[in-house]
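# Residue-level structural notes
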Amino acid sequence: YGPRFTYDPVTLAAQGLLIEEARTNLVPTSQTFNGTGFSMSNVTVGAAIVSPDGTSNALLFSATATAVTTISLGRTFVAGAHTASFFVKASTAPNVVAVMTNWITGNPVGTFNFGTGVFTPGAGQTGAIENWGNGWYRCWVTGTAIAANVATVLYLGAYGSIAAGQGLYLWGYQIEAGTFPTSVIPTFGVALARSADNASMTGTSFSSWFNQSE
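Calculation notes
Residues numbered from 1 in each chain as written. Predicted model: local features only at pLDDT ≥ 70, side-chain atom pairs only at ≥ 80, totals over all residues. Heavy atoms only, no water. Pairing = 2+ DSSP bridges. Helix = DSSP H or I, 4+ residues; strand = E, 2+ residues; numbered from the N terminus. Axes fitted to C-alpha atoms, helices over the stretch in contact; angles between N-to-C directions. Phe/Tyr/Trp six-rings, centres within 6.5 Å; stacked < 30°, edge-to-face > 60°. Buried < 20%, exposed > 50% of the residue type's maximum accessible area, 1.4 Å probe, protein only. Lys NZ or Arg CZ within 6 Å of the ring centre and 35° of its normal.

### Some details on the sheet that holds strand 6 (residues 56-63)
Taken together, the six strands give an open sheet; going across it, the order is 5-6-17-9-14-13, and neighbouring strands pair in antiparallel fashion. Each having just a single partner strand, strand 5 (43-50) and strand 13 (126-133) make up the two edges of the open sheet. Recorded for the sheet is a direction-independent mean angle of 30° between the axes of neighbouring strands. Both strand 9 (residues 80-90) and strand 14 (residues 136-145) contribute to a ladder of ten bridges, which runs antiparallel. Its bridge partner being in strand 14, Ala84 is matched across the sheet by Val141.

### Notes on the packing of aromatic side chains
Going through the model one piece at a time under the given rule, you end up with 13 aromatic pairs. Here the aromatic rings of Phe33 and Tyr173 are separated by 4.8 Å at their centres, their planes lie at 5°, and the arrangement is stacked. Of the two residues, Phe33 sits in the loop between strand 3 (23-25) and strand 4 (38-41) while Tyr173 sits in strand 17 (residues 167-177), which places them 140 residues apart along the sequence. Tyr173 shares its class with Phe33; the two are buried. Taken together, a centroid distance of 6.0 Å and an interplanar angle of 80° make the contact between Trp209 and Phe210 edge-to-face. Classification of Phe210 by relative accessible area gives partly exposed; the value is 38%. Every member of this aromatic cluster is reached through a ring pair, and the members are Phe33, Phe38, Phe61, Phe86, Phe112, Phe119 and Tyr173. Over the face of the ring belonging to Phe180 we find Arg23, whose NZ or CZ atom lies 4.6 Å from the ring centre.

### Structural notes on the pairing of strand 5
Strand direction decides the pairing type here: strand 5 and strand 6, joined by six bridges, are antiparallel. When the bridges of strand 6 are listed, Thr44 appears paired with Ser62. The antiparallel hairpin formed by strand 5 and strand 6 contains five residues in its connecting segment, where Gly54 sits at a positive phi of about 90°.

These figures capture arrangement, not role.
Structure (structure tokens):
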């Protein structure tokens, strides 16, 4: 389908040709967080706003009670490094999301504070927060998965309760085998794979300036 290019999500400065390896998004409904395979506790789903892909498909998730609020997704993992990532935007909840990676031995919990830009990992986790502009942040966490049917659990707020009615926006959930996140692979009911990018320059159009030896 032609070359893909990448840009700084905040400044929109061009960063060059995007060349990625093949990956599969294990999340069956990546855009909405409330489809196949998801379960929620003390959470209600509200209206949508414009997500980073430019369409109104990012939903508001709010606490129905002052209690622990969770969104869980069970998946079957193959042993090895995996990365979970998602986009978040503040609404009325504290600027914090916690993630329990039950697919790592010990079920570690890490905390993303997208107000300060700091990720505090649990044991066996690494990760980061990336500013995507317009109030959106991409959070990602990596760890070595055990081979089992296990879950990734998101907590709205810290690892504990938030007040009834508080909430935030979520979009673009992705779980993939690998040690870092790649660009979003949208899914609409089943896990989907993206083939590896294969960039090449062919023909004589480049011969006037391209020097293979350099």
